[in-house]
Structures are given as structure tokens and as C-alpha cells.
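Observations on chain architecture
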Amino acid sequence: MSRIGLKPIEIPSGVNVEIKENNLVEVKGPKGSLSENICPEMKIKLEDGVITLERPTETKRHKSLHGLSRTLIANMVEGVTNGYQKTLLIEGTGYRAAKAGKKLTLNLGYSHPIEMEDPEGIEVEVPGPNQIIIKGINKQQVGNYAANIRDHRRPEPYKGKGVRYDGEQIRRKVGKTGK
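Report follows, based on the coordinates. (Residues numbered from 1 in each chain as written. Predicted model: local features only at pLDDT ≥ 70, side-chain atom pairs only at ≥ 80, totals over all residues. Heavy atoms only, no water.)

Below, the discussion takes up the pattern of salt bridges. The final tally for this structure, using the stated rule, is 11 salt bridges. Linking E58 and R55 is a salt bridge whose minimum nitrogen-to-oxygen distance equals 3.1 Å. A salt bridge links D151 to R154; the shortest N-O distance between them is 2.7 Å. Connected via shared salt-bridge partners are E18, K20 and E26. (Salt bridge = Lys/Arg side-chain N within 4 Å of Asp/Glu carboxyl O.)

For the rest of this paragraph, the subject is the sheet that holds strand 2 (residues 16-20). Overall, antiparallel pairing links the three strands, which are arranged 2-3-4 in an open sheet. For this open sheet the edge positions go to strand 2 and strand 4 (32-37), each flanked by a neighbour on one side alone. With direction set aside, neighbouring strand axes in the sheet form an average angle of 15°. Inspection of the sheet shows strand 3 (residues 24-29) paired to strand 4 by six bridges, in the antiparallel sense. Counted as the bridge partner of V27 is L34 from strand 4. (Pairing = 2+ DSSP bridges. Helix = DSSP H or I, 4+ residues; strand = E, 2+ residues; numbered from the N terminus. Axes fitted to C-alpha atoms, helices over the stretch in contact; angles between N-to-C directions.)

With that settled, consider helix 2 (residues 60-81). Since the α-helix packs 3.6 residues into each turn, any two residues three or four apart lie on the same face. For helix 2, with 22 residues, the first-to-last C-alpha span of 32 Å sits near the 32 Å given by 1.5 Å per residue. Looking one or two residues beyond helix 2, the residue adopting positive phi is G83, at roughly 85°. (Expected span 1.5 Å × (residues − 1).)

Take a look at the structure:
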């Protein structure tokens with residue numbers, strides 16, 4: 001039984017949720033609006049500022065979709081009220097980030113700087129040369145953009161150089177030992 005799917009979603013004040021045909025859920029709030037197609041087999045009920053989901057059968061597929069559908073809707077409600085944020089830290093000599101307009105420039109030890117254009121709906125801040133803050137209302141977009149930046153130079157286990165998430169623990173290895 002999906003325990004996540006059974007939890008009701010409380011809708012905060014200032015957030016408007018509409019459920020249209022084919023389970024198209026539109027959420028509008030103070031930070032913006034999001035819409036998502038939820039599996040049409042799920043039954044979505046909106047009553048008194050609370051959203052509940054029901055699955056048609058007890059098959060494994062419907063149990064999986066039950067929890068997924070509830071989480072997608074809850075993430076949309078959270079995104080339009082508070083938004084999402086990921087912080088990346090850059091470690092290494094000469095490794096740094098800079099922001100000019102909508103263009104993020106990364107110097108990560110390659111022979112050339114890496115330039116990335118900010119996607120629509122994502123806001124990127126660079127408070128220092130070795131810190132990047134990514135903000136947005138869509139949890140998926142924020143996480144994907146942060147992962148794309150991190151993939152340019154993942155942290156290596158010997159010196160810890162590279163781009164890592166704030167709070168991420170790097171498993172360090174012992175280097176060569178000389179005689």
C-alpha cells in the first residue's frame with residue numbers, strides 16, 4: 001500500500017488549483033504557475049482546500065502511480081508558494097564561476113571556460129567565485145540544471161576538487177605512499 005499516496009495535500013492560502021479533463025492539474029500561486037498531466041487512471045478530488053488521490057485497483061502499477069501522482073502535485077504546490085533552491089560549491093585552485101546577464105561562465109581546469117545559458121524559469125546567482133545558487137519553482141528543472149553544472153567536473157576522491165552540492169560528503173581515498 002502506498003503510504004505517500006494516501007496523505008492529503010493541504011492547499012495554502014493564495015494558491016489556486018484547477019483539475020481539468022484528462023487529469024491536467026494547474027497550480028497558480030504567488031511565485032508563478034505550473035501544470036502537469038497526471039495519469040488519467042488516478043482519481044483526483046479537490047474538496048475544502050485539500051487534494052486527495054485514489055487509485056482504481058491494487059495492482060503494483062497503480063500503487064506506484066498513486067505515490068508518484070501525489071508527490072508531483074505536492075511539489076507543484078510547494079514550488080508556487082516557496083520555490084526550490086540548490087547550492088553548488090566549487091573547490092579547486094583556479095576553479096571559479098562568474099555570472100554575466102543570463103550566461104554562467106565556469107572555469108573548471110579545462111583549457112577553455114564553459115558557458116551555460118540559464119534555462120527559462122530558472123534564476124542563477126553567484127554570490128562568490130566558488131558558490132552557485134540555483135532557484136526556481138519547478139523542482140525537476142532546478143535539480144536537472146544543478147546536475148548538468150555538476151557533471152562538468154564532478155568531485156574527485158583524492159583531493160576533493162570539483163563541483164559538489166552543499167552538504168554533500170565526498171568519500172576521500174588515500175593517495176600514493178612513497179618509500
